[in-house]
Amino acid sequence: MRLTKLEHAALVIDHSGDRLFIDPGSFTTPITEGTGAVAVVITHEHNDHWTPEQLNRIIEASPDVRIFGPAGVAAAASDFAVEVVAAGDEVEVGPFRLRFFGGHHAEIHSSIPIIDNLGVLVDDALYYGGDSFTVPSGVEVDVLAAPASAPWMKISEAMDYVIAVAPRRAFPTHEMLLSQAGKALSNARLAWAVEQGGGEYLPLEPGDTLDF
């Protein structure tokens, strides 16, 4: 399988022409290559992780695509046929096996309600927690999408999260709010954290790919 990192929190995984999109949101360049899409996973309802426009682009290219997300996503995206999933659920769609973890978005501030959020494990290899530090219990993670910057985190928390997951490989996600200097700092800190478990850090940029 081949992962392509898109801008901010979005990923696309290709398996022999079948595609899985994760979190195509407002900070991501409009999706123009939606053919072959069998599934879209939306971890939570914030618009930097999904927009109606992005979903419509994918659906136009792949009308039979299935959309998965927690209950909060189904409510926010009520114009779409979102299949509700919860922590502990497993789904097989096309060549992909999806397992879901967590349940709640990390706290941004005590004044802001905490919403639904699910991490997703793809084919027991790639893990992306959405906007959370949920560690997938009992799982040896091959590739981790590690959060680099967000209103709900500081870099020390992301470092501790990476150490707890101990992936074989990791790359940055959720970094569109960072300057080039900020990305360099975040990459250095996350690289150190991955190396504590003997893993390798890959500072992927949008458009870069990774086989797993």
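Procedures and definitions
Residues numbered from 1 in each chain as written. Predicted model: local features only at pLDDT ≥ 70, side-chain atom pairs only at ≥ 80, totals over all residues. Heavy atoms only, no water. 1 Å grid on protein atoms, 1.4 Å probe; cavity = no way out; pocket = protein on both sides within 12 Å on 5 of 7 lines; lining within 4 Å. Points joined across faces, edges and corners; volume = space filled by probe spheres on them. Helix = DSSP H or I, 4+ residues; strand = E, 2+ residues; numbered from the N terminus. Nonpolar A, V, L, I, M, F, W, Y, C, P; charged D, E, K, R; others polar. Pairing = 2+ DSSP bridges. Salt bridge = Lys/Arg side-chain N within 4 Å of Asp/Glu carboxyl O. Buried < 20%, exposed > 50% of the residue type's maximum accessible area, 1.4 Å probe, protein only.

Participant: How do you make sense of the layout of surface pockets when you look at a structure like this?
Facilitator: One water molecule sets the probe size; rolling that probe over the atoms shows where empty space is left. In this structure, the largest pocket occupies an estimated 200 Å³ of space. Lining the largest pocket are 13 residues, with Leu6, Val12, Phe21, Ile31 and Glu33 positioned closest to its centre. Elements with a minimum of two residues in the lining of the largest pocket: strand E2 (11–15) and strand E3 (18–22). The residue inventory of the lining of the largest pocket, partitioned by class, reads five nonpolar, four polar and four charged.

Participant: What is the right way to read the pairing of E2 from this model?
Facilitator: Each regular strand displays side chains that alternate between the two surfaces of the sheet. Looking at chain direction, strand E1 (residues 2–5) and E2 are connected through four bridges and run antiparallel. Within the sheet, the bridge partner assigned to Leu3 lies in E2 and is Ile13. Counting the residues in the hairpin turn of E1 and E2 gives five residues, including His8, whose phi is positive at 60 degrees. Judged from the five bridges that link them, E2 and E3 form a sheet pairing that is antiparallel.

Participant: How do you make sense of the pattern of salt bridges when you look at a structure like this?
Facilitator: If the charged atoms of two oppositely charged side chains come close together, the side chains can form a pair. With the rule as written, the count across this model stands at eleven salt bridges. The partner of Asp142 in a salt bridge is Arg169, with the nearest N and O atoms 3.1 Å apart. Remark: Arg169 occurs in strand E12 (residues 169–173) and Asp142 occurs in the loop between strand E10 (126–128) and strand E11 (143–147); sequence separation between them is 27 residues. Here Arg169 falls in the buried class, since its relative accessible area comes to 11%. Residues joined by salt bridges that share partners form a network here, namely Glu90, Arg97, Arg99 and Asp124.

Honestly, that's just the spatial picture; any functional story needs more than this.
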